[in-house]
Amino acid sequence: MIIEISDNFCILTPVCADLNITESNKIFKFIKNENKRVGVDLSNICSFSYFFIENLIKTAKIKSISLFNIPDDLFVLFNTMNTGKTVDLFVNDIDFRENSRKLINRQFSVVD
């Protein structure tokens with residue numbers, strides 16, 4: 001995991017393609033101990049376990065978490081699960097750094 005720390009925020013970038021239980025534990029352990037805004041860059045992620053989703057929702061109730069650079073198929077899953085109501089979703093890291101242009105209350109549909 002790559003960690004970038006600035007005065008106002010931290011960015012976590014998992015380097016493995018699968019966010020399994022071990023990788024998820026590393027991420028959430030860091031998030032729980034951090035006082036700054038935390039963003040998770042999902043650009044390298046192809047899949048994640050249900051454990052990641054459960055901990056994301058649970059941790060977001062007590063900490064501010066943002067996700068960005070979300071792959072299309074994972075974004076559809078987040079949208080379907082209404083995850084955007086518990087965490088902040090951004091298109092990219094620039095939007096997260098500037099804390100602007102959140103994806104809020106978007107209504108998407110599958111097009112044939």
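We now turn to the structure provided with this report. (Residues numbered from 1 in each chain as written. Predicted model: local features only at pLDDT ≥ 70, side-chain atom pairs only at ≥ 80, totals over all residues. Heavy atoms only, no water.)

What follows covers the sheet that holds strand S1 (residues 2-5). Note on sheets: strands pair through backbone hydrogen bonds, and any given pair is parallel or antiparallel. Strand order in the open sheet formed by five strands is S1-S2-S4-S6-S7, with mixed pairing between adjacent strands. Only two strands of the sheet have a single neighbouring strand rather than two, namely S1 and strand S7 (88-89). Relative to strand S6 (residues 65-68), strand S4 (residues 37-41) runs parallel, the two sharing four bridges. Along S6, the bridge assignment pairs Val-38 with Ile-65. (Pairing = 2+ DSSP bridges. Helix = DSSP H or I, 4+ residues; strand = E, 2+ residues; numbered from the N terminus.)

Among the secondary structure elements, Asp-41 is positioned in strand S4. Salt bridges are absent for the buried Asp-41, whose nearest opposite-charge side chain, Arg-97, sits at 7.3 Å. Side-chain polar atoms of Asp-41 contact the backbone nitrogen of Ser-43, separated by 2.9 Å. If sequence neighbours within four positions are ignored, Asp-41 has contacts with Ile-11, Leu-12, Thr-13, Pro-14, Phe-68 and Asn-69. (Buried < 20%, exposed > 50% of the residue type's maximum accessible area, 1.4 Å probe, protein only. Lys, Arg positive; Asp, Glu negative; His and termini not counted. Salt bridge = Lys/Arg side-chain N within 4 Å of Asp/Glu carboxyl O. Polar contact = N/O pair within 3.5 Å; in protein donor to acceptor, adjacent residues only side chain to side chain. Contact = heavy atoms within 4.5 Å.)

The final tally for this structure, using the stated rule, is zero disulfides. The thiol of Cys-16 is not disulfide-bonded; the next cysteine sulfur, from Cys-46, is found 9.8 Å away. Using a relative accessible area of 22% as the deciding quantity, one classes Cys-16 as partly exposed. According to the relative accessible area criterion, Cys-46 is exposed, its value standing at 56%. (Disulfide = S-S within 2.5 Å.)

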